[in-house]
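# Per-entry structural report
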Amino acid sequence: MHYAVQMDDKQYDAFRHTCFNNTYKLRGRAVDGQPRQYGKIRQVRDESKFLSYTVKDKNIIYKNIDLKTIQEYICKSYEKVDKKDVVQTLMDHLSTFTFTPLPGYSENIAIDSIEMEILKYSMNIGKVVSKSYIKHITSTFL
């Protein structure tokens, strides 16, 4: 759960004690090898991004804020793309191709043909890639 509230330290302590400790029985600090279960952000750099993040799942309960504002934050929110899914999709894409062999060799693949296909695929999905990323994906594929 995410809470987006503005309160002073005294109000937060009362809220924390009532909500987190008494109602949900959560830990605020790591004890006996168990991780902490709640925390607070002391300084928010961009309030708009923070509020968009809190509504990203679209499963929200809100008070003291109008529906239009909530809908604006929902429109600004997005799901984070998992990097493993992108790499797996790229590997699947590469496995469908027949790459050109090196001249004079029937089984050795020209590495630059794989690198070119990675570059083309990345450009099609709008991903900016570096030379080291292309080399890494090529060696992973091989």
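Look a little higher up for the structure.
Report follows, based on the coordinates.

## Some words on a nonpolar patch on the surface
Together, Met1, Tyr3, Val5, Met7 and Tyr24 give the surface a local cluster of nonpolar side chains, amounting to about 510 Å² of exposed area. Mapping Tyr3 onto the fold places it in the segment before helix H1 (9–23).

## Thoughts on the packing of helix H4 (residues 83–95) against helix H5 (residues 111–125)
Where H4 meets H5, the closest approach of the two axes is 11 Å, and the angle between their N-to-C directions is 130 degrees. Taken as axis vectors, H4 and H5 run oblique relative to one another. Seen along the crossing, H4 lies across H5 with a hand that is right-handed. Contacts from Val86, Thr89, Leu90, His93 and Leu94 in H4 reach Ile114, Glu117, Ile118, Tyr121 and Ile125 in H5. Partitioned by chemical class, the residues of the contact of H4 with H5 number seven nonpolar, two polar and one charged.

## As for the environment of Tyr73
You can see Tyr73 is positioned in helix H3 (residues 67–76). Tyr73 sits in the buried class, given a relative accessible area of 15%. The spacing of Tyr73 and Thr54 is 19 residues in sequence and 8.8 Å in space, taken between C-alpha atoms. Residue contacts for Tyr73: discarding those within four places in its chain leaves Ser48, Leu51, Ser52, Val55 and Ile65.

## Brief notes about H4
The end-to-end C-alpha distance of H4, which contains 13 residues, comes to 19 Å, matching closely the 18 Å that a straight helix rising 1.5 Å per residue would cover. Within H4 the residues assigned to the buried category are Leu90, Met91 and Leu94. All buried residues of H4 fall inside an arc of 100 degrees around its axis, so they share one side. Residues of H4 that are buried make contact with H5 and helix H6 (131–141).

Cut-offs applied
Residues numbered from 1 in each chain as written. Predicted model: local features only at pLDDT ≥ 70, side-chain atom pairs only at ≥ 80, totals over all residues. Heavy atoms only, no water. Patch = residues over 30% accessible without salt bridge, like charges linked within 9 Å, V, L, I, M, F, W, Y side chains within 5 Å. Areas by Shrake-Rupley, 256 points an atom, 1.4 Å probe, with all protein chains shown as cover. Salt bridge = Lys/Arg side-chain N within 4 Å of Asp/Glu carboxyl O. Helix = DSSP H or I, 4+ residues; strand = E, 2+ residues; numbered from the N terminus. Axes fitted to C-alpha atoms, helices over the stretch in contact; angles between N-to-C directions. Parallel < 35°, antiparallel > 145°, perpendicular 65-115°, else oblique. Left-handed = near helix turned anticlockwise from the far one by under 90°. Contact = heavy atoms within 4.5 Å. Nonpolar A, V, L, I, M, F, W, Y, C, P; charged D, E, K, R; others polar. Buried < 20%, exposed > 50% of the residue type's maximum accessible area, 1.4 Å probe, protein only. Expected span 1.5 Å × (residues − 1). Arc of directions from axis to C-beta.

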